Amino acid sequence: QVQLVESGGGLVQPGGSLRLSCVASGMIVSVYRMGWYRQAPGNQRELVAFITPTDFTHYGSSVKGRFTISRDNAKNTVDLQMNSLKPEDTAVYYCNVEYGGNIIWGQGTQVTVSS
């Protein structure tokens, strides 16, 4: 059974940084396209970034240049380094993968950017 568990969220001031981590069980992250999404209250879930097995990365326009997605194959995790955080980055952040024809989501981790 594939499970994704996110961690690393919290409260941070504008301009600060956080690093999110998504640990996978039941699958190997280097074999699949792994993504980070976020959802703010009242908004639809939106793509933040994804990374492919060939290390191609793609970012949403609102985070490009500030966020970096990476993979740690030894730990079987996908991480999201978030710098220069803004209040509009406040959301629940989710890790996801398409596995066996199904979209698997983690439970999410809350990120709040506020002074």
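A few points about the pairing of strand E7 (residues 67-72)
Residues of E7 alternate between two faces, with Phe 67, Ile 69 and Arg 71 buried on one and Thr 68, Ser 70 and Asp 72 left unburied on the opposite face. As paired strands, E7 and strand E8 (residues 77-82) are joined by six bridges and run antiparallel to one another. Opposite Ser 70, over in E8, you have Asp 79 as the bridge partner. Between the antiparallel neighbours E7 and E8 lie four residues, among them Asn 76 with a positive phi of about 60°.

Quick notes on the side chain of Thr 77
Tracing the chain through its elements places Thr 77 in strand E8. Looking at Thr 77, the relative accessible area reads 6%, which means it is buried. In contact with Thr 77, other than residues within four places in its own chain, are Ser 21, Cys 22, Val 23, Val 29, Ser 70, Arg 71 and Asp 72.

Regarding the nonpolar core
Leu 4, Met 34, Trp 36, Leu 80, Met 82 and Tyr 93 are the most contacted members of the largest nonpolar core, which has 30 residues in total. Those residues in contact with Leu 4, other than ones at most four positions away along the chain, are Cys 22, Val 23, Ala 24, Met 27, Met 34, Cys 95, Asn 96, Val 97, Ile 104, Trp 105, Gly 106 and Gln 107.

Digging into the pattern of salt bridges
Counting across every chain of the model gives five salt bridges. For Asp 79, the salt bridge goes to Arg 19, with nearest N and O atoms at 3.4 Å. Placement of the pair is Asp 79 in strand E8 and Arg 19 in strand E3 (residues 18-25), with a sequence separation of 60 residues. Between Arg 71 and Asp 55 there is a salt bridge; the shortest N-O distance is 2.3 Å. Residue Arg 71 is located in strand E7, and its partner Asp 55 is located in the loop between strand E5 (46-51) and strand E6 (57-59); the two are separated by 16 residues in the primary sequence. Using a relative accessible area of 18% as the deciding quantity, one classes Arg 71 as buried. Through salt bridges with shared partners, a single network forms among Arg 38, Glu 46, Arg 66 and Asp 89.

Points about the pairing of strand E11 (residues 109-113)
Burial along E11 is one-sided: the face carrying Thr 109, Val 111 and Val 113 is buried and the face carrying Gln 110 and Thr 112 is not. Where strand E2 (residues 10-12) and E11 come together, three bridges link them in parallel fashion. Counterpart to Gly 10 in the pairing with E11 is Val 111. Inspection of the sheet shows strand E9 (residues 91-99) paired to E11 by three bridges, in the antiparallel sense. The residue bridging Ala 91 from the neighbouring strand is Val 111, located in E11.

Cut-off values and rules
- Residues numbered from 1 in each chain as written.
- Predicted model: local features only at pLDDT ≥ 70, side-chain atom pairs only at ≥ 80, totals over all residues.
- Heavy atoms only, no water.
- Buried < 20%, exposed > 50% of the residue type's maximum accessible area, 1.4 Å probe, protein only.
- Helix = DSSP H or I, 4+ residues; strand = E, 2+ residues; numbered from the N terminus.
- Pairing = 2+ DSSP bridges.
- Contact = heavy atoms within 4.5 Å.
- Core = buried A, V, L, I, M, F, W, Y, C linked by side-chain atoms within 4.5 Å.
- Salt bridge = Lys/Arg side-chain N within 4 Å of Asp/Glu carboxyl O.

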